[in-house]
Amino acid sequence: MLREYRKKRKLTQEKLAELIDVDTRTIQRIESGDCDPSLKTLRKLINILQISDEDIIIFMKEIELILT
């Protein structure tokens, strides 16, 4: 889901990483499901990518499924 929002905003992984002050590898790992974003990073992603409330809930459910 994150990848789709990033592409919709026409951002590269590198540019998104720069905007939220993380390594590009962090964006790659979040997009691939290898790691979950911290709350601080998640808030930045939501703001920059303008993720809807409904999609935030869906994303959080996906993370929960991965963690269980």
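Residues numbered from 1 in each chain as written. Predicted model: local features only at pLDDT ≥ 70, side-chain atom pairs only at ≥ 80, totals over all residues. Heavy atoms only, no water.

K.L.:
Can you walk me through the overall build of the chain in this structure?
P.N.:
The helix and strand tally for the chain stands at 5 helices and 0 strands. Taking 11 Å as the expected radius of gyration for a compact globule of 68 residues, we find that the chain reaches 11 Å, a close match to that expectation. In the chain, once contacts between residues fewer than 6 apart in sequence are set aside, the share between residues at least 24 apart is 53%. Accessible area for the chain stands at about 4800 Å²; split by element, carbon and sulfur atoms hold 50% of it. Distance between charge centroids for the chain: 4 Å, based on 13 positive and 13 negative side chains. (Helix = DSSP H or I, 4+ residues; strand = E, 2+ residues; numbered from the N terminus. Rg over C-alpha atoms; globule rule 2.2 N^0.38 Å. Contact = heavy atoms within 4.5 Å. Areas by Shrake-Rupley, 256 points an atom, 1.4 Å probe, with all protein chains shown as cover. Lys, Arg positive; Asp, Glu negative; His and termini not counted. Charge placed at Lys NZ, Arg CZ, Asp CG, Glu CD.)

K.L.:
It is not clear to me how the nonpolar core should be interpreted in this structure. Could you clarify?
P.N.:
Soluble globular proteins tend to bury their nonpolar side chains together. Judged by nonpolar contacts, the single largest core of 16 residues is most densely connected at Leu-16, Ile-27, Leu-45, Leu-49 and Ile-51. Put simply, the parts of the chain that give this core at least two residues each are α1 (2-8), α2 (13-20), α3 (24-32), α4 (39-49) and α5 (53-67). Sorting elements by how many residues they give to this core places α4 first, with 4 residues. Apart from the residues lying within four places of it in its own chain, the contact partners of Leu-49 are Leu-2, Tyr-5, Arg-6, Arg-9, Leu-11 and Leu-16. (Core = buried A, V, L, I, M, F, W, Y, C linked by side-chain atoms within 4.5 Å. Buried < 20%, exposed > 50% of the residue type's maximum accessible area, 1.4 Å probe, protein only.)

K.L.:
How do you make sense of the pattern of salt bridges when you look at a structure like this?
P.N.:
Where charged atoms from two side chains of opposite charge approach closely, those side chains can pair. Tallying each qualifying case throughout the model produces 3 salt bridges. Among the salt bridges present, the one from Arg-6 reaches Glu-31, with a minimum N-O distance of 2.5 Å. In this pair, Arg-6 sits in helix α1 while Glu-31 sits in helix α3, placing the two residues 25 residues apart along the sequence. Among the residues examined, Arg-6 registers a relative accessible area of 7% and is labelled buried. You can call Glu-31 buried: its relative accessible area is 12%. Here Glu-18 ties to Lys-15 by a salt bridge, and the two come within 3.4 Å at their closest N and O atoms. One end of the pair, Glu-18, and the other, Lys-15, are both in helix α2, 3 residues apart, so they sit about a helical turn from each other. You can call Lys-15 partly exposed: its relative accessible area is 35%. Put simply, Arg-3, Arg-6 and Glu-31 are held in one network by salt bridges that share partners. (Salt bridge = Lys/Arg side-chain N within 4 Å of Asp/Glu carboxyl O.)

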